[in-house]
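# What the coordinates show
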Amino acid sequence: MDSTATDVAHDFHPWFRVYKDGHVERFLGSPFVPASDDHQTLAVRSKDIAISTASARLFLPKTIAPNEKLPLLIYIHGGAFSIESAFSSAYHNYLSSLVEESNVIAVSIEYRLAPEHPIPACYDDCYAVMKWVAQHNDGGDRPGLDPWLNEHADFGKVYLAGDSAGANLAHNMVVRADGDGLKKISGLVLIHPYFGNEEPAKMWDFICSDSGGVNDPRLNPAAHPGLLSKLECEKVLICTAGKDFLRDRGRSYYAALKESGWGGAVEMVETEGEEHVFHLFKPTSDKAKAMMKLIASFINPTNAASL
């Protein structure tokens, strides 16, 4: 598209720019890669599932016995609610490595992106996938269900995780969890979480059709200790990075959760000298590998003990 600065209606660089004709230009993101169910050559198999307005990529370790049960990880990708994908190379490769490292079965959620689909579309899509996953809890073989989850998911060990905006979504899915079969989540992993504070959140206000302002509980959970105290999970791991522009948001969440009276266990681990989502940009670095081992031991401590 041949555009000039005068054609711009809203500019949220480095994430996206909206032109006056409605065209959206994105600046970040990795290319899409297909799923692969080649069990002969891959350490981790993958396949895609369509679920209402959302979809998901499933990951299964190659070395799994018939009817063997593994912890279930539900992962939500980041990207300021507006970029990236569960199907992109960055997240496909990360989930494949995490599943291999931790020996779990994983569901990586693909949700509609803002600004074309304003919030709460991404929250609704994530919740739709959560409900679809929960339908497998009784082990039934109804139409629309997936045999990998039916045969291999241990619904007594369900974990949610996400990075950046995905961490925000993961937190809110735990808040929103009800009686649909996933009421009690074993653990929540928040990697460099995107939360708000008392400062104006211009992009949030733009992409959120029902924004409650800086203290919207979806954006700024630290401002709502009453909700935090009712968090429906047993333990929380918060990963921060020393040079991350969102570092203090994660720290505030940690402090608020500890002070809320919530009865679970919360741990915060900071990687010094690294920036936001460095583990996606530098996945083979020693610090990224260390963080992956930390997360793997959190979501599958039995497997970690055997390493």
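Residues numbered from 1 in each chain as written. Predicted model: local features only at pLDDT ≥ 70, side-chain atom pairs only at ≥ 80, totals over all residues. Heavy atoms only, no water.

## Brief notes about the pattern of salt bridges
Quick reminder of the rule: The working definition used for a salt bridge is a side-chain nitrogen of Lys or Arg within 4 Å of a carboxyl oxygen of Asp or Glu. Put simply, DSSP H or I for four residues or longer makes a helix, DSSP E for two residues or longer makes a strand, and each gets a number counted from the N terminus.
For the coordinates displayed, the defined rule picks out 15 salt bridges. When the shortest N-O distance is used, the salt bridge between Asp125 and Arg112 registers 2.9 Å. Remark: Arg112 occurs in the loop between strand S7 (105–110) and helix H2 (121–134) and Asp125 occurs in helix H2; sequence separation between them is 13 residues. Notably, a salt bridge pairs Arg218 with Asp210, separated by 3.0 Å at the nearest N-O pair.

## Focus: the sheet that holds strand S1 (residues 8–12)
Within a beta sheet, neighbouring strands are joined by backbone hydrogen bonds and run either parallel or antiparallel to one another. Inclusion rule: Note on pairing: two strands pair once DSSP finds at least 2 bridges between them. Only the stretch in contact is used when fitting a helix axis, every axis being a line fitted to C-alpha atoms; angles between N-to-C directions are given from 0 to 180 degrees.
Sheet architecture is open: three strands sit in the order S1-S2-S3, paired in antiparallel fashion. Only two strands of the sheet have a single neighbouring strand rather than two, namely S1 and strand S3 (24–26). Put simply, the sheet's adjacent strands are angled 15° from each other on average, direction ignored. By the bridge criterion, three bridges tie strand S2 (residues 16–19) to S3 in an arrangement that is antiparallel. Considered in S3, the bridge of Val18 is made with Val24.

## Details of the UniProt feature "active site" (unreviewed entry) in the protein chain
The line we're drawing: UniProt positions are given in the numbering used here, feature names are shortened, and annotations may be inferred rather than shown by experiment. Only heavy atoms matter for contacts: two residues are in contact if any of them lie within 4.5 Å across the pair.
Here the UniProt feature "active site" (unreviewed entry) sits at Ser164. The contacts of Ser164, once residues within four sequence positions are left out, are Gly78, Gly79, Ile191, His192, Pro193, Tyr194, Leu246, His276 and Val277.

## Points about the layout of surface pockets
The cut-off we apply is this: Of the grid points, spaced at 1 Å and generated over the protein atoms alone, those admitting a 1.4 Å probe that cannot get out make up cavities, while open sets with protein on both sides within 12 Å along at least five of seven lines make up pockets; any residue with an atom within 4 Å of a point is treated as lining. Grid points are joined across faces, edges and corners, and a volume is the space filled by probe spheres set on the points. Side-chain classes are defined by residue name, with Ala, Val, Leu, Ile, Met, Phe, Trp, Tyr, Cys and Pro counting as nonpolar, Asp, Glu, Lys and Arg as charged, and the others, Gly among them, as polar.
Estimates place the volume of the largest pocket at around 420 Å³. Taken together, 19 residues make up the lining of the largest pocket; nearest its centre are Leu28, Gly79, Ile83, Val277 and Phe281. Broken down by secondary-structure element, the contributors of at least two residues to the lining of the largest pocket are helix H1 (89–102) and helix H8 (278–281). Counted by class, the lining of the largest pocket contains 11 nonpolar, six polar and two charged residues. Lining of the second largest pocket is provided by 16 residues; of these, Tyr194, Pro200, Ala201, Lys202 and Arg249 occupy positions nearest its centre. When its residues are assigned to classes, the lining of the second largest pocket shows 11 nonpolar, two polar and three charged.

## Re the state of the cysteines
For clarity, the threshold we go by: Cysteine sulfur atoms are paired as a disulfide whenever they come within 2.5 Å of each other. Throughout, exposure labels follow a simple rule: accessible area from a 1.4 Å probe, protein chains only, divided by the maximum for the residue type, with under 20% read as buried, over 50% as exposed, and the rest as partly exposed.
Scanning the entire structure with this criterion turns up zero disulfides. With no disulfide of its own, Cys122 lies 6.4 Å from the sulfur of Cys126, the closest cysteine sulfur. When its relative accessible area of 2% is taken as the criterion, Cys122 is described as buried. With no disulfide partner, Cys239 has as its closest neighbouring cysteine sulfur the one in Cys233, 14 Å distant.

## Considering the nonpolar core
Definition in use: Residues grouped as a nonpolar core are buried Ala, Val, Leu, Ile, Met, Phe, Trp, Tyr and Cys residues, joined through side-chain atoms within 4.5 Å.
Counting residues in hydrophobic clusters, the biggest one holds 69 residues, and the most contacted among them are Leu72, Phe81, Val133, Leu188, Val236 and Tyr253. For this core, the leading source of residues is H2, giving nine residues. Sequence-distant contacts of Phe81, that is, excluding residues within four places in its chain, are made with Leu113, Ala114, Ile119, Cys122, Tyr123, Ala165, Asn168, Leu169, Tyr194, Trp204 and Ile207. Within the second largest apolar cluster, 28 residues are counted, among which are Tyr75, Leu95, Ala161 and Ile299.

## Considering the side chain of Arg57
Where we set the bar: Under the rule applied, a polar contact is a pair of N or O atoms within 3.5 Å (in protein, one hydrogen donor and one hydrogen acceptor; residues adjacent in sequence only if both atoms are side-chain atoms).
Its location among the elements puts Arg57 in strand S5 (residues 54–61). A distance of 2.7 Å separates polar atoms of two side chains, one belonging to Arg57 and the other to Asp48. Excluding its chain neighbours within four sequence positions, the residues that come into contact with Arg57 are Val33, Pro34, Ala35, Ser46, Lys47, Asp48, Ala86, Phe87, His92, Ala106, Val107 and Ser108.

## Details of unusual backbone geometry
With an omega of 5°, the peptide bond running from Ala114 to Pro115 counts as cis. Along the polypeptide, Pro115 turns up in the loop between S7 and H2. Going from Ile119 to Pro120, the amide bond is cis rather than trans, its omega being 25°. As for its position among the elements, Pro120 is in the loop between S7 and H2. At Ser52, a residue that is not glycine, the phi angle is positive and equals roughly 55°.

## Notes on the sheet that holds strand S4 (residues 44–51)
The sheet built from eight strands is open, its strands ordered S4-S5-S7-S6-S8-S9-S10-S11 with mixed pairing. At either margin of the open sheet sits one strand with a lone partner, and together these are S4 and strand S11 (265–271). The sheet shows a mean angle of 20° between the axes of neighbouring strands, direction not considered. Along the sheet, H2 contacts S4, S5, strand S6 (70–76), S7 and strand S8 (153–163); its crossing angle with S5, the most-contacted strand, is approximately 50°.

## Examining H1
Because each turn of an α-helix spans 3.6 residues, side chains separated by three or four positions end up pointing in the same direction. Worth spelling out the cut-off: The span one expects for a helix is its residue count, reduced by one, times 1.5 Å.
End to end, H1 covers 20 Å across 14 residues, agreeing with the expected 20 Å (1.5 Å per residue, within 8%). With 10 of 14 residues buried, H1 lies mostly within the body of the structure. Residue Asn103 follows H1 closely and has a positive phi angle near 60°.

## Regarding helix H7 (residues 247–259)
Condition: It is the directions from the helix axis to the C-beta atoms that the arc portrays.
If you check H7, its first and last C-alpha atoms are 19 Å apart, about what 13 residues at 1.5 Å a residue would give, namely 18 Å. Within H7, the full set of buried residues consists of Arg249, Gly250, Tyr253, Ala256 and Leu257. Taken around the axis of H7, the buried residues stretch over an arc of 130°, which confines them to a single face. Contact partners of the buried residues in H7: helix H4 (165–176), strand S9 (185–191), helix H6 (225–228), strand S10 (233–241) and S11. A positive backbone phi angle near 90° is found at Gly261, which sits one or two residues after H7.

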